[in-house]
Amino acid sequence: MSAQKICLLVLHGMGVQGQDYADEFMLSIKTRYASAGADSTSLIMRSCLYADLLDKREQNLWERFKASPIPLHYTEIRRFVTHYRADALIYQPTPTERSAYVGVHKAVIKCVAAMAKEAGPGAVLVVCAHSLGSVIISNLLWDVTVKPELLIREEELRREMTPAAWNLFDSTISMFT
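Fair warning: this is a prediction, and the values are worked out from it, not measured in the lab.

A. Spotlight on the pattern of salt bridges. Counting across every chain of the model gives four salt bridges. For the salt bridge of Lys66 with Glu63, the shortest nitrogen-to-oxygen distance reads 3.5 Å. Here Lys66 and its partner Glu63 are both found in helix H2 (residues 51-66), three residues apart, which amounts to about one turn of the helix. We classify Glu63 as partly exposed; its relative accessible area is 36%.

In structure tokens, the structure reads:
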């Protein structure tokens, strides 16, 4: 009998991220998993990069700042705020604009579906999410259970795998509950 598959999803926080943002973290997990004597084939890991879905809007905002006829001071601070803090603002849905929110959720679902396909039936999902990533996974799981018409039906996500654990780092969720 094969071991139950564990799918580990890593979600980044705010800011500019590269494809390899979670490589060191996942290598550490894999090493510890193997040193505990666990079957390495039962652990499937993926990092989900969603920053690229927000970058174009951030860059557009930055270009508008730079084109301002008013001289702007503190350029580096403005750049930091634009490319880090704007992630959260762009992600949040409004009554008239949901494309970033839905796009990010679809990217996460795509990562989960890829792991589920590799793992097969009966896999469990463990999420490690930092900062904005923790808000995203919380919103996604809320939406699929309470407001499924917004994105995806709960049965579709549950058919992929069962959420088993959340590990949220530097999360702002407690500020809103």
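B. Focus on the nonpolar core. Of all hydrophobic cores here, the largest spans 32 residues; its most connected members are Leu9, Leu11, Val108 and Ile137. Secondary-structure elements contributing two or more residues to this core are strand E1 (6-11), strand E2 (43-48), helix H3 (75-91), helix H4 (99-119), strand E3 (124-130) and helix H5 (132-146). Here the element with the most residues in this core is H4; it accounts for eleven residues. Those residues within four positions of Ile137 in sequence are excluded, and the remaining contacts are Leu11, Val108, Val127, Ala129, Trp166 and Leu168. Grouped together as the second largest cluster of nonpolar side chains are nine residues, Val10, Ala22, Leu43 and Val126 included.

C. Examining the packing of aromatic side chains more closely. The final tally for this structure, using the stated rule, is two aromatic pairs. A centroid spacing of 6.4 Å and a plane angle of 70 degrees characterise the contact between Trp62 and Phe65, whose relative ring orientation is edge-to-face. Of this pair, Trp62 and Phe65 both sit in helix H2, three residues apart, which is roughly one turn of that helix.

D. The confidence of the model for the chain, seen in detail. When pLDDT is averaged along the chain, the result is 84; 89% of the residues meet or exceed 70. Averaged pLDDT values for the elements of the chain fall to 53 in helix H6 (residues 154-160) and rise to 96 in E2.

E. View of the state of the cysteines. Counted according to the given criterion, the structure contains zero disulfides. Not part of a disulfide, Cys48 finds its nearest cysteine sulfur in Cys111, a span of 3.1 Å.

Rules used in this analysis
Residues numbered from 1 in each chain as written. Predicted model: local features only at pLDDT ≥ 70, side-chain atom pairs only at ≥ 80, totals over all residues. Heavy atoms only, no water. Salt bridge = Lys/Arg side-chain N within 4 Å of Asp/Glu carboxyl O. Helix = DSSP H or I, 4+ residues; strand = E, 2+ residues; numbered from the N terminus. Buried < 20%, exposed > 50% of the residue type's maximum accessible area, 1.4 Å probe, protein only. Core = buried A, V, L, I, M, F, W, Y, C linked by side-chain atoms within 4.5 Å. Contact = heavy atoms within 4.5 Å. Phe/Tyr/Trp six-rings, centres within 6.5 Å; stacked < 30°, edge-to-face > 60°. pLDDT = per-residue confidence, 0-100. Disulfide = S-S within 2.5 Å.

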